Amino acid sequence: RADLMPALRARSRSPQHRTPPRMADDDALYQDAEWRARHLSIAIENLPWDMDWLELKNIGRLYGFVAHARCVKQPGTHVGFLEFSQKESVEKAVAGLDGHMVIGCK
């Protein structure tokens, strides 16, 4: 054990010695986010004006695990976005919500 102690002390855990993330990692994260947006996310238009993200997420939970929910109020419409964790949940949500009323709005 006495032989290992100098080697352990020579290591530094300070941030100055860490290498910054590579650009390839950033590209991979961007591509992963882009894939999730295309394959695991849906947009729901004409939501009630007073609906917030938590109510929208609770509706999405009827169809599967909701990773992210967001509501955006634009002039004349209120749009919600749900990101699910599985493609099957997206398909269930589309089948269940397409053309149906959500709390009084269609």
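Residues numbered from 1 in each chain as written. Predicted model: local features only at pLDDT ≥ 70, side-chain atom pairs only at ≥ 80, totals over all residues. Heavy atoms only, no water.

Novice: Explain the overall build of the protein chain to me, please; I cannot follow it from the model alone.
Specialist: Broken down by element type, the protein chain carries 4 helices and 3 strands. Of the regular secondary structure in the protein chain, the N- to C-terminal order runs α-α-β-α-β-β-α. Sorting the 106 residues of the protein chain into buried and exposed places 25% on the buried side. If you take every contact in the protein chain between residues at least 6 apart in sequence, the share linking residues at least 24 apart comes to 61%. Accessible area of the protein chain: about 8,400 Å², with a carbon and sulfur share of 54%. (Helix = DSSP H or I, 4+ residues; strand = E, 2+ residues; numbered from the N terminus. Buried < 20%, exposed > 50% of the residue type's maximum accessible area, 1.4 Å probe, protein only. Contact = heavy atoms within 4.5 Å. Areas by Shrake-Rupley, 256 points an atom, 1.4 Å probe, with all protein chains shown as cover.)

Novice: Would you take a moment to explain unusual backbone geometry for this structure?
Specialist: Among all residues save glycine, negative phi is the norm, and among peptide bonds the norm is trans. For Asn46, which is not glycine, the phi torsion reads 60° and is therefore positive. Position of Asn46 relative to the elements: it lies in the loop between β1 (41-44) and α3 (53-60).

Novice: For this particular structure, what's the right way to read the pairing of strand β3 (residues 77-84)?
Specialist: Consecutive side chains of a regular strand alternate in pointing toward one face of the sheet and then the other. The buried fraction of β3 is high, at 7 of 8 residues. Two elements, strand β2 (residues 66-74) and β3, share 8 bridges in a ladder whose sense is antiparallel. Of the residues in β3, the one forming a bridge with Arg70 is Phe81. (Pairing = 2+ DSSP bridges.)

Novice: Which parts of the structure should I look at to understand helix α4 (residues 87-97)?
Specialist: Residues spaced three or four apart along an α-helix point in a common direction, a consequence of the helix completing one turn every 3.6 residues. Within α4 the residues assigned to the buried category are Ser89, Val90, Ala93 and Leu97. Down the axis of α4, the sector holding all buried residues measures 100°, keeping them to one side. Turned more than 90 degrees away from the buried face of α4, the exposed residues are Glu91, Lys92 and Ala95. At the exit of α4 stands Gly99, carrying a positive phi of roughly 80°. (Arc of directions from axis to C-beta.)

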